[in-house]
Amino acid sequence: MLKTLLLISALLLSYSCSFFESVSKGEKVVQIGNAVLYKSDLDKVLPKGASALDSATLAEQYVNSWILKILMLNKAEEQLPKEAKDVSALLEEYRSQLLVFRYENKYIEDRLDTLVTDEEQRNYYTAHKESFVTDNGVVRCRFVKMHNSSPNLSKVRSLSGKNDTESVDKMDELAYNSAYKYDNYGNKWVDMRIVARDMDMDISELVDKVARRGVIEQKDSTYSNFLQVVEFVLPGDISPYEYNKEKIGNILLSKRKQELINVLHKEIFNDAMSGKKIKFVENEDN
């Protein structure tokens, strides 16, 4: 079988363009026993507007994949015992689960209130603070990567040590115009692992430096990195509400969805009971 596949692949690779041109004129592309791959099947997977060469390559890949799938299916039909090939129960179970899943989703979509207020989110945060302990630490900061030859390097170095509005605005302007990379995290909390990656620094080293200094400078032969730390929470402490707000919103929506599902299940069960659709059969002893 492997030799056959290799031969087919070699032929398709050698004559890919002519192969694609020929199958475009016919209805059938490949047939293995009763299994047939039609040109219409290829038309569905080939992108419109692709060049002839790209289309031929994609066609070759799809045809090879289809051939292998059919050959493997035929081999399974030949080799597996009868009981192993009986998948009717599994298919019915999958169909049942899929239909229930789709109905539950529709029920939720028709009834879910997606508005989560700030008060609800804050109340949840206050009641579950222990769930928001940070593993890596979080920080509000500004990160600037400057080329050592930049004429604005000394100005950015000076401004990075200041946190007043005027100095921050000036550094923003200089960094946006002349920095190799600039990320202003000053208005939001970010995981320290992300910052450590920007600084090309081990996270434990970053945590240590963040805890000791307001500005961290790192330099190599080409670039100088400046990290202006505005505020931070160390690993093992509770991360702030603002950092978790989106996560809390998703949690609350998930809880609402589960509550709707519980209501649906209860309604369906009670309706069936009141309508006497459920009959509990008692086994009588002989």
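Going by the structure above, here's the rest.
Residues numbered from 1 in each chain as written. Predicted model: local features only at pLDDT ≥ 70, side-chain atom pairs only at ≥ 80, totals over all residues. Heavy atoms only, no water.

On a plain count of helices and strands, the protein comes out with 12 helices and 7 strands. Taken across its 286 residues, the protein has 34% of its residues classed as buried. In the protein, 71% of the contacts between residues at least 6 apart in sequence involve partners at least 24 apart. Summing over all exposed atoms, the protein offers an accessible surface of approximately 19,500 Å²; the carbon and sulfur share of this is 52%. (Helix = DSSP H or I, 4+ residues; strand = E, 2+ residues; numbered from the N terminus. Buried < 20%, exposed > 50% of the residue type's maximum accessible area, 1.4 Å probe, protein only. Contact = heavy atoms within 4.5 Å. Areas by Shrake-Rupley, 256 points an atom, 1.4 Å probe, with all protein chains shown as cover.)

Attention now moves to the side chain of Ser224. Tracing the backbone shows Ser224 in strand β7 (residues 223-233). Judged by relative accessible area, Ser224 falls into the buried class, the value being 0%. Only 2.6 Å separates the side chain of Ser224 from the side chain of Asn148, close enough to count as a polar contact. In contact with Ser224, other than residues within four places in its own chain, are Val144, Lys145, Met146, Asn148, Leu153, Arg157, Gln218 and Lys219. (Polar contact = N/O pair within 3.5 Å; in protein donor to acceptor, adjacent residues only side chain to side chain.)

Together, Phe269, Met273, Ile278 and Phe280 give the surface a local cluster of nonpolar side chains, amounting to about 410 Å² of exposed area. Among the secondary structure elements, Ile278 is positioned in the segment after α12 (241-274). (Patch = residues over 30% accessible without salt bridge, like charges linked within 9 Å, V, L, I, M, F, W, Y side chains within 5 Å. Salt bridge = Lys/Arg side-chain N within 4 Å of Asp/Glu carboxyl O.)

Note on pairing: side chains with opposite charge can pair once their charged atoms come close. One pass over the full model with this rule turns up 15 salt bridges. When the shortest N-O distance is used, the salt bridge between Glu77 and Lys85 registers 4.0 Å. Residue classification places Lys85 among the partly exposed positions, given a relative accessible area of 35%. Each of Asp118, Arg122 and Lys245 takes part in a single network of salt bridges with overlapping partners.

The calculated volume of the largest pocket comes to roughly 180 Å³. Taken together, 13 residues form the lining of the largest pocket, with Val138, Ser239, Tyr243, Asn244 and Lys247 sitting closest to its centre. Considering every element that reaches the lining of the largest pocket, the biggest residue donor is α12, with 4 residues. Partitioning the lining of the largest pocket into residue classes produces 4 nonpolar, 5 polar and 4 charged. (1 Å grid on protein atoms, 1.4 Å probe; cavity = no way out; pocket = protein on both sides within 12 Å on 5 of 7 lines; lining within 4 Å. Points joined across faces, edges and corners; volume = space filled by probe spheres on them. Nonpolar A, V, L, I, M, F, W, Y, C, P; charged D, E, K, R; others polar.)

Take unusual backbone geometry next. Of note, Asp200 is a non-glycine position whose phi angle comes to about 50°, a positive value. Along the chain, Asp200 turns up in the loop between α10 (192-199) and α11 (203-212).

Enumeration over the complete set of coordinates arrives at 6 aromatic pairs. Here the aromatic rings of Tyr176 and Tyr182 are separated by 5.1 Å at their centres, their planes lie at 85°, and the arrangement is edge-to-face. Exposure remark for Tyr176: the relative accessible area of 58% places this residue in the exposed category. You can call Tyr182 buried: its relative accessible area is 12%. Taken together through their ring pairs, the aromatic side chains of Tyr124, Tyr125, Phe132 and Tyr241 make up a single cluster. Lying over the aromatic face of Tyr107, Arg111 brings its terminal NZ or CZ to 3.7 Å of the ring centre. (Phe/Tyr/Trp six-rings, centres within 6.5 Å; stacked < 30°, edge-to-face > 60°. Lys NZ or Arg CZ within 6 Å of the ring centre and 35° of its normal.)

Glancing now at the pairing of strand β3 (residues 138-147). Burial within β3 is extensive, with 9 of its 10 residues counted as buried. Pairing of β3 with strand β5 (residues 190-191) involves 2 bridges; the strand directions are antiparallel. Across the sheet, the residue bridging to Val139 is Val190, located in β5. Bridge count between β3 and β7: 10 bridges; the pairing is antiparallel. Residue Lys145 lies in a different strand from β7, and its bridge partner there is Asn225. As paired elements, β3 and strand β4 (residues 181-184) share 4 bridges and run antiparallel to each other. Counterpart to Arg142 in the pairing with β4 is Asn184. (Pairing = 2+ DSSP bridges.)

In terms of nonpolar packing, the biggest core is built from 17 residues, with Val195, Leu206 and Leu227 touching the most fellow members. Counting only elements with at least two residues in this core, the list comes to β3, α10, α11 and β7. In contact with Val195, other than residues within four places in its own chain, are Val139, Cys141, Val190, Leu206 and Leu227. In this structure, Val29, Ala35, Leu37 and Ala59 belong to the second largest nonpolar core, which totals 13 residues. (Core = buried A, V, L, I, M, F, W, Y, C linked by side-chain atoms within 4.5 Å.)

Geometry only, nothing functional implied.
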